[in-house]
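Below are the chains, spelled out letter by letter.
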Amino acid sequence: MPKVRRPEHLICRWLPEGLEIGLPGRRQWVRLSPDLLKVVDTAGTGIELDELVAAFGPENEPKIREAVTSLIGLGVLATPDGTDTTPRLWEHWGLVARRFHLEARDAAYLSDAPERAGVAEEIVAEGGAPEAFKEYPGHQVVPLPRRTLPLAMPTDELFARRRTHRLFTAEPVTLDQLSTLLFHSFAPHRFISGGTFGTQQCRVSASAGGRHEVEAYVVAYNVAGVTPGLYHYSAARHCLELLDPDVPRERVAELTHEQEASYQGAFTIFTTAVANRLAWKYRHPRAYRLWMYDAGHYGQTFALAATALGLGPFQTVAFADSGVERLLGVDPDEEFAVYLLSAGVPDGTDRLLPADYAFPSPTTAR
């Protein structure tokens, strides 16, 4: 006789209307009545179908058999033939990650829909639009030079030189270099009309809907004219706002798993995402991906600008999120750490390979 069982993993959520289960492998949810939930629970880790049906009495046999067939078809019940086998990728990343992946796919964009304008007007009329810029009024400020250094390196040479650096000299970065790098990486160059959504910023890096949710926090160690400490970069005022005068390299080292390139340059930048700048306009799960894309856009702009200025850039996402957020003093439900960038004057020996180094062949590379 065939057996049925609960799948190894199910993602569930409780709503006022009842329990819903995310259908495995599908961007769908199904609400289970108390009776259906009891069927799933009775199946447990494996039970003969006839035994399962009998548990609900002979008067309910047709209804239970029909329910079991439907639940198997939905993936809420499984059979011993492996119909609920987790794809190998998600064995490593987990079913919660897979659920997010499914929920973030195939969003219903209103690109050509007649209701697009109405939805935008409803969002704006609702109010609560987040501030486009974050500032720390009353904090000590380091004004940055308004005139930027020229980035005159030919594009092909810039691309050829762009590398991730891990070794730096003890030479300080100049205030002009830092100012130019912050301006091109994080500040608006101009503004345009965003229609219903008001004025929008034009920065070098692409950003979903011009929302520019990225904020930059600079830990200065060896920048001429800047006292060491933790600063917030004000993109609106092009200045550094002092948050903490006592953030030595050792403190950053603890947060970055002792990755030396994270804290041995002239400065470290922690970038965050102010989530509501995106969520206020984009209200579907796919939008969660957008800050990831934007973090990458900003990171590459930073790396290219640093290279053009003769600096060595480094970037990583290997850090303790909660610890970084505590350091920055941000609420992780509203603003969370996304990327670490750092730079310094590159050591000339960085990334050089020994003369006898042999690259692995494609057949032996792992």
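Residues numbered from 1 in each chain as written. Predicted model: local features only at pLDDT ≥ 70, side-chain atom pairs only at ≥ 80, totals over all residues. Heavy atoms only, no water.

Engineer: What is the right way to look at the overall build of the protein in this model?
Structural biologist: Counting its secondary structure elements, the protein contains 12 helices and 14 strands. Relative to its length of 366 residues, the protein is extended, with a C-alpha radius of gyration of 27 Å against a globular reference of 21 Å. Overall, the protein is about 85 × 65 × 40 Å in size when its C-alpha atoms are taken along their principal axes. The buried share of the protein, taken over its 366 residues, is 45%. In the protein, the share of contacts with a sequence separation of at least 24, taken over all contacts with a separation of at least 6, comes to 74%. For the protein, the distance from the average site of its 36 positive side-chain charges to the average site of its 46 negative ones is 4 Å. (Helix = DSSP H or I, 4+ residues; strand = E, 2+ residues; numbered from the N terminus. Rg over C-alpha atoms; globule rule 2.2 N^0.38 Å. Buried < 20%, exposed > 50% of the residue type's maximum accessible area, 1.4 Å probe, protein only. Contact = heavy atoms within 4.5 Å. Lys, Arg positive; Asp, Glu negative; His and termini not counted. Charge placed at Lys NZ, Arg CZ, Asp CG, Glu CD.)

Engineer: Hey, could you run me through the packing of aromatic side chains in this one?
Structural biologist: By convention here, two paired aromatic rings are described through the distance between centres and the angle between planes. Per the counting criterion, the structure on display carries 6 aromatic pairs. Taking the centre distance of 5.8 Å and the plane angle of 85° together, the rings of Phe 197 and Trp 280 count as edge-to-face. With Phe 197 in the loop between strand S7 (190-193) and strand S8 (199-202) and Trp 280 in the loop between helix H10 (275-279) and helix H11 (290-308), this residue pair connects regions lying 83 residues apart in the sequence. Both rings, one in Tyr 288 and one in Trp 291, keep their centres 5.5 Å apart while their planes meet at 90°; by these two values the pair is edge-to-face. Grouping aromatic residues by their ring pairs yields a cluster made of Phe 100, Tyr 288, Trp 291 and Phe 336. Its end group placed over the ring of Phe 197, Lys 281 keeps NZ or CZ at 4.5 Å from the ring centre. (Phe/Tyr/Trp six-rings, centres within 6.5 Å; stacked < 30°, edge-to-face > 60°. Lys NZ or Arg CZ within 6 Å of the ring centre and 35° of its normal.)

Engineer: How should a nonpolar patch on the surface be read in this particular structure?
Structural biologist: The grouping of Tyr 288, Met 292 and Tyr 293 at the surface amounts to a nonpolar patch, some 300 Å² of accessible area in total. By the secondary structure assignment, Tyr 293 is in helix H11. What makes Tyr 293 partly exposed here is its relative accessible area of 42%. (Patch = residues over 30% accessible without salt bridge, like charges linked within 9 Å, V, L, I, M, F, W, Y side chains within 5 Å. Areas by Shrake-Rupley, 256 points an atom, 1.4 Å probe, with all protein chains shown as cover. Salt bridge = Lys/Arg side-chain N within 4 Å of Asp/Glu carboxyl O.)

Engineer: Explain the side chain of Thr 180 here, please?
Structural biologist: The residue Thr 180 is located in helix H8 (residues 175-186) in this model. Owing to a relative accessible area of 0%, Thr 180 belongs among the buried residues under this scheme. At a separation of 2.8 Å, a polar atom in the side chain of Thr 180 contacts the main-chain carbonyl oxygen of Asp 176. (Polar contact = N/O pair within 3.5 Å; in protein donor to acceptor, adjacent residues only side chain to side chain.)

Engineer: Just checking my understanding: could you explain the pairing of strand S3 (residues 18-22) for this structure?
Structural biologist: As a general feature of sheets, a regular strand has side chains that alternate between the two faces. With 5 of its 5 residues buried, S3 lies for the most part within the structure. As judged from the 5 bridges shared by strand S2 (residues 11-15) and S3, these two strands associate in the antiparallel manner. Looking at S3, one finds that Leu 15 is bridged to Gly 18. Joining the antiparallel neighbours S2 and S3 is a turn of 2 residues. As defined by bridge partners, S3 adjoins strand S4 (residues 29-32) across 4 bridges and the pair is classed as antiparallel. Along S4, the bridge assignment pairs Gly 22 with Trp 29. In textbook terms, the turn of a hairpin is the stretch between consecutive antiparallel strands, and for S3 and S4 this stretch comprises 6 residues, one of which, Gly 25, has a positive phi near 75°. (Pairing = 2+ DSSP bridges.)

Engineer: Sorry if this is basic, but what is going on with the packing of H8 against H11 here?
Structural biologist: Each pair of packed helices can be summarised by the angle the axes make with each other and by the distance between the axes. Orientation of H8 relative to H11, taken along the N-to-C sense of each, is 150°, at an axis distance of 9 Å. On the basis of their axis angle, the class for H8 and H11 is roughly antiparallel. Note on packing geometry: the crossing formed by H8 with H11 is right-handed. Contacts from Leu 181, His 184, Ser 185 and Phe 186 of H8 reach H11 at Tyr 298, Thr 301, Phe 302, Ala 305 and Ala 306. (Axes fitted to C-alpha atoms, helices over the stretch in contact; angles between N-to-C directions. Parallel < 35°, antiparallel > 145°, perpendicular 65-115°, else oblique. Left-handed = near helix turned anticlockwise from the far one by under 90°.)

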